[in-house]
Amino acid sequence: MTRASSDPHPKAAQPDDTSKAIIEQLQTDGRRSYAEIGKAVGLSEAAVRQRVQKLTESGVIQIVAVTDPMQLGFTRQAMIGVRVAGDTRVVADRLAGLAAVDYVVLTAGSFDLLVEVVCEDDEELIALLNDDIRTIDGVAGTETFVYLRLHKQLYDWGTR
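Because the structure is a prediction, the values reported are computed rather than measured.

Digging into helix H4 (residues 88–96)
Argument step 1. Buried within H4 are the following residues: Thr88, Val91, Ala92 and Leu95. Viewed end-on, H4 has its buried residues packed into an arc of 105°, placing them on one side of the element. Seen from the open side of H4, the exposed residues pointing more than 90 degrees away from its buried face are Arg89 and Asp93.
Argument step 2. Where the residues of H4 are buried, they touch strand S1 (76–84), strand S2 (101–106), strand S3 (113–119), helix H5 (122–133) and strand S4 (139–146).
Argument step 3. The N-terminus of H4 is capped by Asp87, whose side-chain oxygen sits 2.9 Å from the backbone nitrogen of Arg89.

Structure representation (structure tokens):
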């Protein structure tokens, strides 16, 4: 079976061991200089820069600033389980377009989709649920799991 050409995550060529080592260096510190990474993996600064550019352009990695929502005034985070009547992909696309939504996953199990949201407060979460999410055609039901405290969140799981 082949992947459809419209697949947003086509199977890319697997990174070699050196590219994986570069990824692991960046997962530890995304601001590490190319020269420092080069010393750690045995390449020149220019070679590291070229590899990072290829990894970024191919979609293997993104280099972004990860923020603490609480420090930026977003005091309410939640995971919302969504049950869908119809095509989950259509509902997922609509949910992904909402500004407060930062994560949408198609799942198997008691929910069809899991949606993570970041809101300024409970009032914004209520409005998001009632005015935006529950009004989307195909949303059959939701269950909201309010975050009391984020206990662990890491991005350094390494490579295979």
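Thoughts on the pattern of salt bridges
Argument step 1. Within this structure, the stated rule accounts for 4 salt bridges.
Argument step 2. As a salt-bridge pair, Arg49 and Glu45 come within 3.2 Å of each other at their nearest N and O atoms. Taken together, the residues Arg49 and Glu45, both in helix H3 (residues 45–57) and 4 residues apart, mark about one turn of the helix.
Argument step 3. Among the residues examined, Arg49 registers a relative accessible area of 39% and is labelled partly exposed.
Argument step 4. Given a relative accessible area of 38%, Glu45 falls into the partly exposed group.
Argument step 5. Residues Arg76 and Asp122 are paired through a salt bridge, measuring 2.6 Å at the closest nitrogen-oxygen approach. Remark: Asp122 occurs in helix H5 and Arg76 occurs in strand S1; sequence separation between them is 46 residues.

Remarks on the packing of helix H1 (residues 17–28) against helix H2 (residues 34–41)
Argument step 1. At a minimum axis separation of 10 Å, H1 and H2 run at an interaxial angle of 130°. Judged on the interaxial angle alone, H2 and H1 are oblique. The two elements H1 and H2 cross, and the hand of that crossing is right-handed. Here Ala21, Ile22, Gln25 and Leu26 of H1 come into contact with H2, specifically with Ile37, Ala40 and Val41.
Argument step 2. Residue classes in the contact of H1 with H2 are distributed as 6 nonpolar, 1 polar and no charged.

Considerations on the nonpolar core
Argument step 1. Membership of the largest hydrophobic core comes to 20 residues, with the highest contact counts inside it found for Val82, Leu95, Leu113, Val115 and Val117.
Argument step 2. Listed by contribution, the elements that provide at least two residues to this core are S1, H4, S3 and H5.
Argument step 3. Sequence-distant contacts of Leu95, that is, excluding residues within four places in its chain, are made with Val82, Val101, Val104, Leu113, Val115, Ile133 and Ile136.
Argument step 4. If you look at the next biggest cluster of nonpolar residues, it comprises 9 residues, including Ile23, Leu26, Val41 and Ile61.

Some remarks on a nonpolar patch on the surface
Argument step 1. Side chains of Val64, Val66, Tyr155 and Trp157 sit close together on the surface and give an oily, nonpolar patch of about 480 Å² of accessible area.
Argument step 2. On the secondary structure map, Val66 appears in the loop between H3 and S1.

Rules and cut-offs
- Residues numbered from 1 in each chain as written.
- Predicted model: local features only at pLDDT ≥ 70, side-chain atom pairs only at ≥ 80, totals over all residues.
- Heavy atoms only, no water.
- Buried < 20%, exposed > 50% of the residue type's maximum accessible area, 1.4 Å probe, protein only.
- Helix = DSSP H or I, 4+ residues; strand = E, 2+ residues; numbered from the N terminus.
- Arc of directions from axis to C-beta.
- Contact = heavy atoms within 4.5 Å.
- Polar contact = N/O pair within 3.5 Å; in protein donor to acceptor, adjacent residues only side chain to side chain.
- Salt bridge = Lys/Arg side-chain N within 4 Å of Asp/Glu carboxyl O.
- Axes fitted to C-alpha atoms, helices over the stretch in contact; angles between N-to-C directions.
- Parallel < 35°, antiparallel > 145°, perpendicular 65-115°, else oblique.
- Left-handed = near helix turned anticlockwise from the far one by under 90°.
- Nonpolar A, V, L, I, M, F, W, Y, C, P; charged D, E, K, R; others polar.
- Core = buried A, V, L, I, M, F, W, Y, C linked by side-chain atoms within 4.5 Å.
- Patch = residues over 30% accessible without salt bridge, like charges linked within 9 Å, V, L, I, M, F, W, Y side chains within 5 Å.
- Areas by Shrake-Rupley, 256 points an atom, 1.4 Å probe, with all protein chains shown as cover.

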